[in-house]
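Examining the three-dimensional arrangement
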Amino acid sequence: MRKRTKIVVGAGATLCAAAMSVGYASAAFADLTPAVESVHATVSAERSPADDIPSSINRGVFEGFDFQTSHLVGESQNARYWSVAKNDGDICLVLVPTGQEDFAAATCSDTKRFAQYGLTLAVEGTDESASFAAFMLPDTAAGQAMPPGLHAVSAVLAESDLATAQKGASVESKSPNAPAVILRGIGRVG
């Protein structure tokens with residue numbers, strides 16, 4: 001019996017799970033949108049075997065993802081998380097829930113939005129203990145103290161329960177020239 005899982009993503013996101021893909025088209029203007037490396041330097045770091053997304057994941061549903069840029073950005077009791085750049089310059093957060101190696105979900109954003117809002121991806125399981133939200137932060141907010149209800153998984157990744165995620169939160173940026181990163185609240189599905 002497979003567990004039923006719902007995925008909730010922030011606005012303007014791409015969802016890829018099992019054999020389904022729902023996406024949006026974004027226009028990336030090189031002169032207006034920063035390069036991925038400038039908001040998420042991890043994407044250009046040297047890769048190790050841990051940076052590979054499990055081969056059991058159907059990569060065909062992740063259209064435009066450059067899996068040669070995948071980097072493990074965190075691991076918790078809930079899931080393992082990778083950042084991946086897309087061929088169009090967007091940055092993505094991919095998660096594989098613990099114990100479900102054949103399932104993955106992703107959300108993506110252009111780098112301009114990522115620099116301001118980070119990325120939010122939520123999983124709603126059949127019971128509340130299996131429900132959580134993950135937030136990938138841009139470099140300007142990496143390593144900052146987390147607001148109440150969020151806990152750092154790594155310097156660029158935080159998790160919370162869905163109730164906390166629904167309220168939304170703000171993380172102060174490291175750079176005085178960068179705006180605070182606003183972690184958008186998310187809504188439950190049906």
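Residues numbered from 1 in each chain as written. Predicted model: local features only at pLDDT ≥ 70, side-chain atom pairs only at ≥ 80, totals over all residues. Heavy atoms only, no water.

1. Some thoughts on the pattern of salt bridges
Selection rule: Salt bridges are defined as contacts in which a side-chain nitrogen from Lys or Arg sits within 4 Å of a carboxyl oxygen from Asp or Glu. A simple rule labels every residue: compare its accessible area, found with a 1.4 Å probe on the protein chains alone, to the largest value its type can have, and call it buried under 20%, exposed over 50%, or partly exposed in between. Comment: elements are numbered from the N terminus, with helices defined as DSSP H or I runs of at least four residues and strands as E runs of at least two.
Applying the stated criterion to the full structure yields two salt bridges. For the salt bridge of R47 with D52, the shortest nitrogen-to-oxygen distance reads 2.7 Å. Overall, the relative accessible area of 25% leaves R47 in the partly exposed class. Under the relative-accessibility criterion, D52 is labelled partly exposed at 41%. Between E101 and R80 there is a salt bridge, with the nearest N and O atoms lying 2.7 Å from each other. Taken together, the positions of E101 in the loop between β6 (91-97) and β7 (105-109) and R80 in strand β5 (residues 79-86) put the pair 21 residues apart, joining distant regions of the chain. Take R80: its relative accessible area is 23%, and that puts it in the partly exposed class.

2. Brief notes about the pairing of strand β11 (residues 157-160)
As a reminder, the rule being used: A pair of strands is labelled paired if DSSP reports no fewer than 2 bridges between them.
Where burial is concerned, the two faces of β11 agree: the one with L157 and E159 and the one with A158 and S160 are both buried. Across four bridges, the pairing between strand β9 (residues 132-136) and β11 is antiparallel. For F135, the partnering residue across the bridge sits in β11 and is A158.

3. Here's the deal with the environment of A79
Put simply, the test is: Only heavy atoms enter the contact rule, under which two residues are in contact if any of them lie within 4.5 Å.
Locating A79 in the fold gives a position in strand β5. The exposure class of A79 is buried, given its relative accessible area of 0%. Through-space distance from the C-alpha of A79 to that of Q100 is 9.0 Å; in sequence the pair is 21 residues apart. When neighbours within four sequence positions are excluded, A79 is seen to be in contact with G74, L95, V96, P97, T98 and F132.

4. Some words on the state of the cysteines
Keep this limit in mind: Cysteine sulfurs are considered disulfide-paired once they come within 2.5 Å of each other.
Under the counting rule described, the total for this entry stands at one disulfide. One disulfide bridge connects C92 with C108, the sulfur atoms lying 2.1 Å from each other. Residues C92 and C108 are joined through a disulfide that is right-handed, its torsion about the S-S bond being 105°. One end of the pair, C92, is in strand β6; the other, C108, is in strand β7, with 16 residues separating them in the sequence. The exposure class of C108 is buried, given its relative accessible area of 1%.

5. What to know about the environment of A115
Within the fold, A115 resides in helix α2 (residues 111-117). Considered as a pair, A115 and D139 are 24 residues apart in the sequence and their alpha carbons are 8.0 Å apart.

6. Focus on the nonpolar core
Spelled out, the test is: Working definition of a nonpolar core: buried Ala, Val, Leu, Ile, Met, Phe, Trp, Tyr and Cys residues. They are joined through side-chain atoms within 4.5 Å.
Y81, L93, L95 and M136 are the most contacted members of the largest nonpolar core, which has 22 residues in total. Of all the elements in the fold, those that place two or more residues in this core are α1 (36-39), β5, β6, β8 (119-124) and β9. Residue contacts for M136: discarding those within four places in its chain leaves H40, V73, S83, I91, C92, L93, F114, G118, L119, V156 and L157. In terms of nonpolar packing, the next biggest core, distinct from the first, is built from 14 residues, I53, F65, V84 and V94 among them.

Scope: geometric values only; no functional claims are made or implied.
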